[in-house]
Amino acid sequence: MPQSKLKRPTAIILLIILFNWSCAIKPKEVANISKKKEGDMLGQMNNVFIPSYIDTCNNGMGKELKLLIIGNSLSYHGIAPGIGWYHNSGMAASEKENDYAHQLFQSIQVKRPNHKVCMRISNFAKFEREPKGWNAQTVKELQDYNPDIVVFQLGENVDGENASVLALFGKQYINLIDSFKSDNQRHIVATTPFFPSLEKNKIIQQAAIATGIHLVDLSHLTLIDPENYAKNETDYPEEKNDWKVDGIGIHPGDKGMQNIANLLFISIQPFLDSKN
């Protein structure tokens, strides 16, 4: 008996419904954190020195291919013993090689084995919290890196309950993205927040449309499978009891990081296929 197939318009409508449904639901794990407790733990997590960027390259001898990631603690968080975090990596991967940035870096190397692949990661959490302070000069070193691929992983730290803050973030986010657009065929992709938020998703969708870049949805991951949260990951290899704040556990663990890397690579792969 032949398998039934959805017609394209029906499939698109169902995807739109699923996307908006995922944004409208706030996960219980996040909703149950009191405002005071959330503020306390974020304060401890944010008081960590973050370098302006970190670089890594493979040992390839061929043409250079550069990946730039502009993100927050999901992309890179420094060691913070005060909160029980002991990795220089994306939170909450069990080790650097398991965070989404390094898994994506690895996938690109496999796809382009004859290239010298380089990656630069910059933590832009301050931009999320204080978008008014951004200007083009603050990203000059990142622009001068001249990346072939740019990933914007931002939004988790924006105050989604403050309409004026959201509006300002949206305006400045468009300016930030536009500052990386160039005459060459650079591939630029933004993600929706890992923590589902209808308001933030709308702002980031609008920014992607306004700038003409690609958009990858992360907000559905924890709704489809709660094990995308590190705290819920059954086979997480590290000792979760070392964590001193709940905020670590609501970041993606190794499983969540792998899923993020996979979704980003789906967007990036056609660009890599088009390169020599």
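Residues numbered from 1 in each chain as written. Predicted model: local features only at pLDDT ≥ 70, side-chain atom pairs only at ≥ 80, totals over all residues. Heavy atoms only, no water.

Participant: How would you summarise the overall build of the protein if you had to cite specific residues and measurements?
Facilitator: When its secondary structure is counted, the protein shows 11 helices and six strands. In the protein, which comprises 276 residues, the share counted as buried stands at 49%. Long-range contacts, defined as pairs at least 24 residues apart, comprise 76% of the intrachain contacts of the protein with a sequence gap of at least 6. Entry remark: accessible area of the protein is about 13900 Å², with carbon and sulfur atoms responsible for 52%. (Helix = DSSP H or I, 4+ residues; strand = E, 2+ residues; numbered from the N terminus. Buried < 20%, exposed > 50% of the residue type's maximum accessible area, 1.4 Å probe, protein only. Contact = heavy atoms within 4.5 Å. Areas by Shrake-Rupley, 256 points an atom, 1.4 Å probe, with all protein chains shown as cover.)

Participant: Please provide a residue-by-residue account of the sheet that holds strand E3 (residues 116-123), values included.
Facilitator: Reading across from one edge, E1-E3-E2-E4-E5-E6 is the order of the six strands in this open sheet, with mixed pairing throughout. Both outer strands of the open sheet, strand E1 (54-57) and strand E6 (214-216), are each paired with one neighbouring strand and no more. Each neighbouring strand pair of the sheet contributes to a mean axis angle of 20°, computed without reference to strand direction. Two elements, strand E5 (residues 187-191) and E6, share three bridges in a ladder whose sense is parallel. (Pairing = 2+ DSSP bridges. Axes fitted to C-alpha atoms, helices over the stretch in contact; angles between N-to-C directions.)

Participant: Give me the lowdown on the packing of aromatic side chains, citing residues and values where you can.
Facilitator: This model, assessed by the stated rule, comprises nine aromatic pairs. Seen in terms of ring centroids, Phe-124 and Phe-127 are 6.1 Å apart; in terms of plane orientation they differ by 55°. Their pairing is tilted. Of the two residues examined, Phe-124 and Phe-127, each falls in the buried class. An angle of 55° between the planes, with centres 6.4 Å apart, marks the rings of Phe-127 and Tyr-173 as tilted. Placement of Phe-127 in helix H5 (residues 125-129) and of Tyr-173 in helix H7 (residues 163-178) is noted, with a sequence separation of 46 residues between them. Here Phe-127 falls in the buried class, since its relative accessible area comes to 5%. Overall, Tyr-173 belongs to the buried group, its relative accessible area being 0%. Ring-pair connections join several aromatic residues into one group, and the members of that group are Phe-124, Phe-127, Phe-152, Phe-169, Tyr-173 and Phe-180. Above the face of the Tyr-145 ring, Lys-66 is positioned so that its terminal group lies 4.8 Å from the ring centre. Geometry around Tyr-53 places Arg-120 over its ring, the cationic atom sitting 3.7 Å from the centre. (Phe/Tyr/Trp six-rings, centres within 6.5 Å; stacked < 30°, edge-to-face > 60°. Lys NZ or Arg CZ within 6 Å of the ring centre and 35° of its normal.)

In short, shape yes, function no, at least from these values alone.
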